[in-house]
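Residue-level structure breakdown
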Amino acid sequence: MWDVIIWTTENTTDVVPSSWVVDSAVRNKYMYPKQIKSSKLKKIIKNCEEPSTKYVYTELDAVFKKTVNSYAEGEKMLHTLENTSSLDTDGTRSCIDKSPSPCSSVHAPPGDGFRESLLPILDKINGNYKLILEEIAKISIELKDLRNGQNHLRMKLSNVYEKQSIPEWPLPLPIKTDADFIDAENLLPEKHDALVKIISLVGGNSLRQTISFMIKRLISKDIALQYSTKGRKGKKNFSQTRFYNIIISAARGVYENATDLAISQMIGFALASASDWEGGNRRKLKPVGEESKPVGEESSADGVVAENEDQQVEPIELN
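Our subject in this report is the structure included herewith. (Residues numbered from 1 in each chain as written. Predicted model: local features only at pLDDT ≥ 70, side-chain atom pairs only at ≥ 80, totals over all residues. Heavy atoms only, no water.)

1. As for the pairing of strand 2 (residues 12-17)
Among the 6 residues in strand 2, 6 count as buried, and that is most of the element. Bridging between strand 1 (residues 2-7) and strand 2 involves 6 bridges; their strand directions are antiparallel. In the strand pairing of strand 2, I6 is matched with T13. With antiparallel pairing between neighbouring strands as the criterion, strand 1 and strand 2 make up a hairpin whose turn holds 4 residues, including N11 at a positive phi of roughly 55°. (Buried < 20%, exposed > 50% of the residue type's maximum accessible area, 1.4 Å probe, protein only. Helix = DSSP H or I, 4+ residues; strand = E, 2+ residues; numbered from the N terminus. Pairing = 2+ DSSP bridges.)

Listed below in structure tokens is the structure:
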């Protein structure tokens, strides 16, 4: 006789000889041979062989469903269980089922097989865990190197800042009066290097913008309106002042490859646009009937077109 059961551990159905039951009174544990090939195990079960000393058995929990008189009847009962609500799961078949099974050729008890199937997964998890630890160690070393690099860079920047600290200049900047302009010129060349360093720290994204910032740092709008690069159209000649060479030296300190001609041209642009330094309307209003003309399109005293300060232009020869 055979018992139709459900293995508790794997929740799978099976047919085993009734003699394999451990306690016939409760029928909740069955002996199961270990490490036997599926073909051999199926033969033992079909022949309804009683437990033998030839095999090693393990005791497994099971739920008893029914005792049948033939193995065929037991298999029929399995199909009934799998296709009805008698099972608590989706009715996964055991290794003795006729449908394709993932079980290995060497049959292990349901409980042991489940545990063994987890071993490759656990090995993979352990391997990934080791890789993660190795990557964390590498990242930790890289972060330490980055911190050291930041400290080194901070020290270098500190040294640069000390070297570029703004020197003292006895007069307020920008120069706002003619008297201060004369006094400032008299301080040169003694204070030449100090003034060059002061105005070279103004910044700028281009040679033209940098020189514009330098001149605005050096002189006010009212003073700038009195000058043009070469002194044309009744204006004073800025190139004959000592501040002209100050701008040349400061600009070349920032842009090493800048020529005197290019720097002079940018000085002309800055002076020509002095009327618009403080913002406001970028166009001069013309009488009714006349077309308004942008301030930036007026010719400077040196024949240099005064355009927006941030616009890049090709150097042109000054007269």
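Now that the structure has been shown, we can carry on.
2. So, the pattern of salt bridges
For the structure on display, the rule yields 4 salt bridges. Close ionic contact of D3 with R27 constitutes a salt bridge, the shortest N to O distance being 2.4 Å. Separated by 24 residues along the polypeptide, D3 in strand 1 and R27 in the loop between strand 2 and strand 3 (29-33) bring together distant segments of the chain. Since its relative accessible area comes to 18%, R27 is described here as buried. In this structure, E135 engages K138 in a salt bridge whose closest nitrogen and oxygen atoms are separated by 3.8 Å. Highlighted residues: E135 and K138, both in helix 3 (residues 110-163), separated by 3 residues, approximately one helical turn. (Salt bridge = Lys/Arg side-chain N within 4 Å of Asp/Glu carboxyl O.)

3. Some words on the packing of aromatic side chains
Using the criterion set out here, one finds 7 aromatic pairs in the structure. When the centroid spacing of 5.1 Å and the interplanar angle of 80° are considered together, the rings of W7 and Y32 count as edge-to-face. Remark: Y32 occurs in strand 3 and W7 occurs in strand 1; sequence separation between them is 25 residues. When sorted by exposure, W7 lands in the same class as Y32, which is buried. Taken together, a centroid distance of 5.4 Å and an interplanar angle of 20° make the contact between F181 and Y227 stacked. Of this pair, F181 sits in helix 4 (residues 178-186) while Y227 sits in strand 7 (residues 227-228), and the two are 46 residues apart along the sequence. Each member of the pair, F181 as well as Y227, is classed as buried. In textbook terms, an aromatic cluster arises when at least three aromatic residues are bridged by ring pairs, as seen for F181, Y227, F238, F243 and Y244. R27 extends its terminal NZ or CZ atom over the ring of F64, reaching a point 5.0 Å from the ring centre. (Phe/Tyr/Trp six-rings, centres within 6.5 Å; stacked < 30°, edge-to-face > 60°. Lys NZ or Arg CZ within 6 Å of the ring centre and 35° of its normal.)

4. Re the packing of helix 6 (residues 207-218) against helix 9 (residues 260-272)
Packed helices, taken two at a time, are described by the angle their axes make and the gap between the axes. It is at 9 Å that the axes of helix 6 and helix 9 come closest, and there the two elements cross at 60°. Considered as vectors, helix 6 and helix 9 are oriented oblique to each other. Here helix 6 runs over helix 9; the crossing is right-handed. Taken together, the residues of helix 9 that come into contact with helix 6 (itself represented by L207, R208, I211, S212 and I215) are A262, I263, M266, I267, F269, A270 and L271. Residue composition of the contact of helix 6 with helix 9, grouped by class: 10 nonpolar, 1 polar and 1 charged. (Axes fitted to C-alpha atoms, helices over the stretch in contact; angles between N-to-C directions. Parallel < 35°, antiparallel > 145°, perpendicular 65-115°, else oblique. Left-handed = near helix turned anticlockwise from the far one by under 90°. Contact = heavy atoms within 4.5 Å. Nonpolar A, V, L, I, M, F, W, Y, C, P; charged D, E, K, R; others polar.)

Geometric descriptors of this kind do not, in isolation, establish any biological role.
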